[in-house]
Amino acid sequence: HTAEEVVGTADLTVGHDPEELAGLARELGSPTGLAALLQDAISDNEAREWNLVRRDGTRVPAARTIAPIRSASGSVTGYVGLARSIARRRRNEDEQAALTRLSTVVASGAAPEMVFEEVAREAAVLLDAETAGVSRFDGDQGVEVGSWSVEGVTSLPLGAVTPLGGNSGMPRVSRSARCARTQ
């Protein structure tokens, strides 16, 4: 939403998911989502985490604080709201959780094939991909040492050899030593 759409408006529910607001209203015993937001603000509660909805329908995880503006006599004359994206923090939390799960697999003494399969699975989940693979580069070819895919999607079988010429994902990774994603 643009500043023009929200600054100075009386509707603090702009950008909120109606279902999340209804949940807050139930939690606080308020009749509406707006009443719940205002009740929460007056209670001086900490920022809450929300999945705010952009005008185009995409969602962004955010921490949102709403605070009352009080007159010199202490009466509420308005409210101010601040939202900040927590997408990067959530991403870091997801990555740390994946690393913890992987370290548990490694510490269990699992075979390398199982470790590489779990690395591929965790990468696919983090990237919201249907398949992922782990390859070892041997000279001018890549060898698949771990793979994972959702049911019904085929991934490279273990041991599959991929020439490192051309411009597909694996050759690009080999040449650049950087991640690459193919569609």
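Here, the structure is the one placed above.
Here the structure is a predicted model, which is why all the values come from computation and not from measurement.

Draft legend 1. A look at the pattern of salt bridges. Following the criterion strictly, the structure yields eleven salt bridges and no others. Of the charged contacts, one joins Glu 122 and Arg 101 as a salt bridge, the two residues approaching to 2.7 Å between their closest N and O atoms. Of the two residues, Glu 122 is situated in helix H5 (residues 112–127) and Arg 101 in helix H4 (residues 87–107); the sequence distance between them amounts to 21 residues. By relative accessible area, Arg 101 is classed as partly exposed at 39%. Among the charged side chains, a salt-bridge network with shared partners connects Glu 49, Arg 89, Arg 90 and Glu 93.

Draft legend 2. Quick peek at H5. For H5, built from 16 residues, the straight-helix expectation of 22 Å at 1.5 Å per residue is met to within 8% by its first-to-last C-alpha distance of 22 Å. Along H5, the residues that are buried comprise Val 115, Glu 118, Ala 120, Glu 122 and Ala 124. Here the buried face of H5 lies against H4, strand S4 (131–138) and strand S5 (141–149). Remark: Asp 128 follows H5 within two positions and exhibits a positive phi of approximately 55°.

Draft legend 3. Examining the side chain of His 16 more closely. Mapped onto the secondary structure, His 16 falls in the loop between helix H1 (3–6) and helix H2 (18–28). Residue His 16 is classed as buried on the basis of its relative accessible area of 6%. Look past the residues within four positions of His 16 in its chain and what remains in contact with it is Leu 21, Leu 37, Trp 50, Leu 52 and Arg 64.

How each quantity is defined
Residues numbered from 1 in each chain as written. Predicted model: local features only at pLDDT ≥ 70, side-chain atom pairs only at ≥ 80, totals over all residues. Heavy atoms only, no water. Salt bridge = Lys/Arg side-chain N within 4 Å of Asp/Glu carboxyl O. Helix = DSSP H or I, 4+ residues; strand = E, 2+ residues; numbered from the N terminus. Buried < 20%, exposed > 50% of the residue type's maximum accessible area, 1.4 Å probe, protein only. Expected span 1.5 Å × (residues − 1). Contact = heavy atoms within 4.5 Å.

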